[in-house]
Structures are given as structure tokens and as C-alpha cells.
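# Structural description and commentary
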Amino acid sequence: MAATILMVLSASISFTLGVVHLVYTFWGPALTPRDPALQISMSQISPVITKETTMWRCWVGFNASHSMGLILFGLVFAFLASAHAPLLFQSAFLLAVGLAMLGALVVVSKVYFFRVPLTGISISLACYVASIALSRI
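Residues numbered from 1 in each chain as written. Predicted model: local features only at pLDDT ≥ 70, side-chain atom pairs only at ≥ 80, totals over all residues. Heavy atoms only, no water.

## What about the packing of aromatic side chains?
In total, this model carries three aromatic pairs according to the counting rule given. Here Phe-73 and Phe-77 contribute two aromatic rings whose centre-to-centre distance is 4.5 Å and whose plane-to-plane angle is 25°, an arrangement assigned as stacked. Of this pair, Phe-73 and Phe-77 both sit in helix α3 (residues 55-83), separated by four residues, roughly a single helical turn. Given the relative accessible area of 8%, Phe-73 is considered buried. Grouped by ring-pair contacts, the aromatic residues Phe-73, Phe-77 and Tyr-128 constitute a single cluster. (Phe/Tyr/Trp six-rings, centres within 6.5 Å; stacked < 30°, edge-to-face > 60°. Helix = DSSP H or I, 4+ residues; strand = E, 2+ residues; numbered from the N terminus. Buried < 20%, exposed > 50% of the residue type's maximum accessible area, 1.4 Å probe, protein only.)

See below:
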């Protein structure tokens, strides 16, 4: 039971981070540049890969898809833990995928983000690892 609770907590943290990030992506100034000229420039310049979009549209899209990934991860792992715990905790594949995802997010957060997402995803990872350990007892 404790393993399931910790897994749901881990998934809930990821889900919450994803929802907050999605809100920040489309509403408010949190993910806009401090220098308005940069946003204007990003809105006028295309990436090398294509002229069909702009760097600003890519920025918004990358933020939105990042959020959606966190939300999906949270929903899937919370569902598996609450509705199909034996399947989840007995599947080395599912546990490894979740561990790899959260571990990679910690590294990305450390290298590219700031304290809040790093702290949140690190707590999520700690809960995830603890849930696996408790499921083995």
C-alpha cells in the first residue's frame, strides 16, 4: 500500500509540474523573455531546419509538448499504480522506463532549468525509487 501511495505521489508531482508549465506557456509572462525585443526577434526569425515556423512558435511548441509529456507521464503512472499496481510493480520494463524518464528529467532540469523544477522532479524521483524499494519488501 505504501509503495502505491508513493508512486501516485511521484506521478502527481510530475503531473502538477506539467500542468503548471502548460499554464505558464499560454497564460502570463512567466515564459516570455525579460527583453521584449528578443520575443520580437524570435517571432521574425526561422530556425535553420525550416522556414515554415519561427523561433518563437518553436519555443511555445517545445514548452507545450514538454508540459504534455509530464502530464502524460503523471497520468499513466498514477493510473497504473492505483488500478494495476501488480502489473506496474512486477514489470521491470515499466519501472525502468519510469526511472529513466525521471532520471533524465533531473539531469535536464539541473543543466537547463532552475531550482523549482529541479527540486520538484528530484522529489518525484525520490518517491518513485522509494515506491519501488517498498514494493520489494
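## Quick look at the nonpolar core
Ranked by size, the top nonpolar core spans 20 residues in total, and within it Met-7, Phe-77, Leu-88, Leu-95, Leu-102 and Tyr-128 carry the most contacts. Every element with two or more residues in this core is listed here: α1 (2-26), α3, α4 (85-90), α5 (92-112) and α6 (115-135). If one sorts the elements of this core by residue count, α3 sits on top with six residues. (Core = buried A, V, L, I, M, F, W, Y, C linked by side-chain atoms within 4.5 Å.)

## Brief notes about a nonpolar patch on the surface
Residues Phe-15, Val-19, Val-20, Val-23, Tyr-24, Phe-26, Trp-27 and Leu-75 make up a contiguous nonpolar surface patch of about 740 Å² in total accessible area. With respect to the element layout, Tyr-24 can be found in helix α1. For Tyr-24, a relative accessible area of 42% translates into the label partly exposed. (Patch = residues over 30% accessible without salt bridge, like charges linked within 9 Å, V, L, I, M, F, W, Y side chains within 5 Å. Areas by Shrake-Rupley, 256 points an atom, 1.4 Å probe, with all protein chains shown as cover. Salt bridge = Lys/Arg side-chain N within 4 Å of Asp/Glu carboxyl O.)

## Remarks on the packing of α1 against α3
Between α1 and α3, whose axes approach to 7 Å, the crossing angle comes to 160°. Between α1 and α3, the crossing angle belongs to the class labelled roughly antiparallel. Here α1 runs over α3; the crossing is left-handed. Looking at the contact of α1 with α3, its residues break down into 17 nonpolar, ten polar and no charged. (Axes fitted to C-alpha atoms, helices over the stretch in contact; angles between N-to-C directions. Parallel < 35°, antiparallel > 145°, perpendicular 65-115°, else oblique. Left-handed = near helix turned anticlockwise from the far one by under 90°. Nonpolar A, V, L, I, M, F, W, Y, C, P; charged D, E, K, R; others polar.)

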